[in-house]
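Observations on chain architecture
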Amino acid sequence: MKEYPIPFSTPMVKLILAGKKTMTSRLITPRNSILSPRGDWGKLCWDGTDEYIVDGDRLKCPMPYVVPSFANWDYLYIPYEYSLEGKAYRIHPRYEIGDRFWVQETWGINKNIESEYIYRAGDDGLDFNLKGGHWKSGRFMPRRASRLNLEITAIRARQLNAVSEADVKKEGFTSWMEFFKYIDGLYKKREGWNPNPW
């Protein structure tokens, strides 16, 4: 079993603490996934728009596809430089079933008790108790300050539009539209943002 940090916003931490969020969706990136065999992420065809020529005919490369590997774990196959190689390369997660995430959240140090941490998502998260008077970003939270551990029980690869209503509820949202707006708000400023990403 390995442990990895995972950042969550204050509203998401509140949902976790309330038992309403039991699943999280993340974009597939080189940070959380492995491309085999050691390919170049820039040469992957994520959306079927790349073209290639066969016997004088201009064709579109195929879309990425999912192959279940284990009961709770999927592999994603992405066309790779399809016009030259005609291959699909496998992407798989860096994580294993049974690994754990330790949650990084907005936090601070109690000005009255140096060894005590306080959290923005919680009854103890009051600004006047903060040492220095300001909150610290969860991205800079050390392991020792984390109070939440989440065990990985399943890993699925799918596009955003394939998320089911049942999954949306597990994400802690009341509707698919609310979930989509949240995800879109997180990522739409990124260059080349695809509204239906993997």
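The following paragraphs examine the structure supplied in this document. This one's a predicted model, so the numbers in the text were calculated from it and none came from an experiment. (Residues numbered from 1 in each chain as written. Predicted model: local features only at pLDDT ≥ 70, side-chain atom pairs only at ≥ 80, totals over all residues. Heavy atoms only, no water.)

1. Re the overall build of the protein chain
Helix and strand counts for the protein chain stand at four helices and eleven strands. C-alpha extents for the protein chain along the principal axes are approximately 75 × 35 × 35 Å. Put simply, the protein chain has 198 residues, and 40% of those count as buried. Taking the intrachain contacts of the protein chain between residues at least 6 apart in sequence as the baseline, contacts between residues at least 24 apart amount to 58%. Accessible area of the protein chain: about 12,000 Å², with a carbon and sulfur share of 51%. Of the charged side chains in the protein chain, 30 are positive and 25 negative, and the gap between their average positions amounts to 5 Å. (Helix = DSSP H or I, 4+ residues; strand = E, 2+ residues; numbered from the N terminus. Buried < 20%, exposed > 50% of the residue type's maximum accessible area, 1.4 Å probe, protein only. Contact = heavy atoms within 4.5 Å. Areas by Shrake-Rupley, 256 points an atom, 1.4 Å probe, with all protein chains shown as cover. Lys, Arg positive; Asp, Glu negative; His and termini not counted. Charge placed at Lys NZ, Arg CZ, Asp CG, Glu CD.)

2. Remarks on the side chain of Ser33
Within the secondary structure, Ser33 is located in strand β2 (residues 33–36). Looking at Ser33, its side chain comes within polar contact range of the side chain of Asn32, at 2.8 Å. In this structure Ser33 touches Ile28, Trp41, Ile91, His92, Pro93 and Arg94, once residues within four positions along its chain are discounted. (Polar contact = N/O pair within 3.5 Å; in protein donor to acceptor, adjacent residues only side chain to side chain.)

3. Some thoughts on helix α1 (residues 10–17)
Where α1 is concerned, the buried positions are Thr10, Met12, Val13, Leu15 and Ile16. Buried residues along α1 sit in contact with β8 (100–104), β11 (149–151), α3 (165–171) and α4 (176–187). A positive phi of about 75° marks Gly19, the residue just after α1.

4. With respect to the nonpolar core
Counting residues in each nonpolar core, the largest one holds 25 residues, and the members touching the most others are Phe8, Leu160 and Phe179. It is α4 that contributes the most residues to this core, five residues altogether. Core analysis: the next-biggest nonpolar cluster, separate from the first, contains ten residues, Leu44, Tyr80, Ala157 and Trp198 among them. (Core = buried A, V, L, I, M, F, W, Y, C linked by side-chain atoms within 4.5 Å.)

5. Points about the packing of aromatic side chains
Tallied over the entire structure, the rule returns nine aromatic pairs. Pairing Phe173 with Phe179 gives two aromatic rings, centres 5.5 Å apart and planes at 65°, and the pair type is edge-to-face. Classification of Phe173 by relative accessible area gives buried; the value is 7%. The class for Phe179 is buried, based on a relative accessible area of 0%. (Phe/Tyr/Trp six-rings, centres within 6.5 Å; stacked < 30°, edge-to-face > 60°.)

6. A closer look at the sheet that holds β8
Strand order across the open sheet formed by three strands is β1-β8-β11, with mixed pairing between neighbours. This sheet does not close on itself; its edge strands, each paired only once, are β1 (3–7) and β11. Averaged over neighbouring strand pairs, the angle between their axes works out to 35° when direction is ignored. Bridging between β1 and β8 involves five bridges; their strand directions are parallel. Paired with Glu3 across the bridge in β8 is Arg100. (Pairing = 2+ DSSP bridges. Axes fitted to C-alpha atoms, helices over the stretch in contact; angles between N-to-C directions.)

7. A short note on the pairing of strand β6 (residues 73–80)
Burial analysis of β6 places seven of its eight residues in the buried class, which makes it a mostly covered element. Sheet topology note: the β6/strand β7 (residues 87–93) ladder contains five bridges and is antiparallel. Paired with Ile78 across the bridge in β7 is Tyr89.

8. Here we look at the pattern of salt bridges
This model, assessed by the stated rule, comprises six salt bridges. Arg143 is the salt-bridge partner of Glu3, the closest N and O atoms lying 3.2 Å from each other. Pair noted here: Glu3 is in strand β1 and Arg143 is in the loop between β10 (117–119) and β11, with a separation of 140 residues, a long-range link. Judged by its relative accessible area of 33%, Glu3 falls in the partly exposed class. Here Arg143 falls in the partly exposed class, since its relative accessible area comes to 30%. Taking the shortest distance from any N to any O, the salt bridge between Arg158 and Asp167 comes out at 3.0 Å. Look at Asp167 and you get buried, because its relative accessible area is 14%. (Salt bridge = Lys/Arg side-chain N within 4 Å of Asp/Glu carboxyl O.)

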